[in-house]
Amino acid sequence: MPKKDDTNFFEQVYAIVEQVPKGRVTTYGAIAKSLGSGLSARMVGWAMNTCHGDPRIPAQRVVNRNGQLSGKAHFGTPTRMQELLEKDGVAVKNDTVQDFAKRFWDPAIELAL
DNA sequence: TTATTGACGGGTA
DNA sequence: GTACCCGCCAATA
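Below, the structure is looked at part by part. Here the structure is a predicted model, which means the values were calculated and not measured.

### Describing the protein's contact with DNA strand B
Then, number 1: Close to DNA strand B lie 18 residues; R42, W46, M48, N49 and R65 are nearest.
Then, number 2: The contact atoms of DNA strand B, taken as those within 4 Å of the protein, divide so that sugar and phosphate hold 48%.
Then, number 3: At 2.8 Å from a base nitrogen of DNA strand B is found a main-chain nitrogen or oxygen belonging to N49.
Then, number 4: The backbone of R65 places a nitrogen or oxygen atom 2.7 Å from a phosphate oxygen of DNA strand B.
Then, number 5: Sorting the residues of the surface near DNA strand B by element identifies α2 (28-34) and α3 (41-49) as the ones contributing at least two each.
Then, number 6: It is α3 that provides the largest number of residues to the surface near DNA strand B, a total of 7 residues.

### What to know about α3
Then, number 1: Listed in full, the buried residues belonging to α3 are V44, A47 and M48. All buried residues of α3 lie within an arc of 100 degrees about the axis, which places them on one face of the element.
Then, number 2: Elements in contact with the buried residues of α3: α1 (8-19), α2 and β2 (62-63).

### Side note on α1
Then, number 1: Compared with the 16 Å implied by 1.5 Å per residue over 12 residues, the 17 Å span of α1 between its first and last C-alpha is a close match.
Then, number 2: Within the span of α1, buried status applies to F9, F10, V13, Y14, I16 and V17. Axial view of α1: buried residues confined to an arc of 165 degrees, hence all on one face.
Then, number 3: On its buried face, α1 sits against α2, α3, β2 and α6 (107-110).

### Focus on the environment of A73
Then, number 1: In this fold, A73 is placed in the loop between β2 and α4 (80-87).
Then, number 2: For A73, a relative accessible area of 62% puts it in the exposed group.
Then, number 3: It is 22 Å that separates the C-alpha atoms of A73 and W105, two residues lying 32 residues apart in sequence.

### Thoughts on the protein's contact with DNA strand C
Then, number 1: All residues adjacent to DNA strand C are S40, R42, M43 and W46.
Then, number 2: When atoms of DNA strand C within 4 Å of the protein are sorted by moiety, sugar and phosphate together comprise 50%.
Then, number 3: A distance of 3.1 Å separates a base oxygen of DNA strand C from a polar side-chain atom of R42.
Then, number 4: When its residues are assigned to classes, the surface near DNA strand C shows 2 nonpolar, 1 polar and 1 charged.

### Observations concerning the packing of aromatic side chains
Then, number 1: All told, the structure shown has 2 aromatic pairs when counted by the stated rule.
Then, number 2: Between F9 and F10, the aromatic rings sit 5.9 Å apart at their centres with planes inclined by 55 degrees, giving tilted as the arrangement. Like F9, the residue F10 is buried in the burial classification.
Then, number 3: Measuring from centroid to centroid gives 5.9 Å for F100 and F104, while their planes differ by 45 degrees, and the two rings are tilted.
Then, number 4: Overall, F100 belongs to the buried group, its relative accessible area being 16%.

Reading the values: rules and limits
Residues numbered from 1 in each chain as written. Chains lettered and ligands numbered in written order. Predicted model: local features only at pLDDT ≥ 70, side-chain atom pairs only at ≥ 80, totals over all residues. Heavy atoms only, no water. Near = heavy atom within 4 Å. Polar contact = N/O pair within 3.5 Å; in protein donor to acceptor, adjacent residues only side chain to side chain. Helix = DSSP H or I, 4+ residues; strand = E, 2+ residues; numbered from the N terminus. Buried < 20%, exposed > 50% of the residue type's maximum accessible area, 1.4 Å probe, protein only. Arc of directions from axis to C-beta. Contact = heavy atoms within 4.5 Å. Expected span 1.5 Å × (residues − 1). Nonpolar A, V, L, I, M, F, W, Y, C, P; charged D, E, K, R; others polar. Phe/Tyr/Trp six-rings, centres within 6.5 Å; stacked < 30°, edge-to-face > 60°.

Here it is, written out as structure tokens:
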């Protein structure tokens with residue numbers, strides 16, 4: 001039998017990112033922390049990097065702790081990520097999410113409710 | 001096999 | 001606010 005696996009970790013990340021409500025954003029660290037294993041945010045970034053082929057993943061809603069669109073360069077165009085966020089109702093300026101603290105959506109809390 | 005890189009985070013100076 | 005360092009795990013060369 002083929003090893004399905006697919007790094008269960010990545011699926012965990014995808015599951016959370018898909019659950020991010022529109023108009024909200026989360027951070028790599030928050031996702032890693034919600035996985036609760038002391039995973040490194042880098043792995044979350046790696047998971048997103050492998051997300052190519054899964055257009056269902058709203059990666060634009062995932063930013064770093066700085067609220068910066070760190071992964072915008074991985075979209076089709078360097079402005080694609082900002083466009084998507086603004087379309088979701090998230091104000092973005094200078095590749096940075098405005099009111100990030102208010103837009104912040106913590107899976108470790110929201111999913112726990 | 002080892003070394004380097006990577007969509008990061010947190011702490012310290 | 002800015003700069004620098006360490007940690008963390010996986011993939012690639």
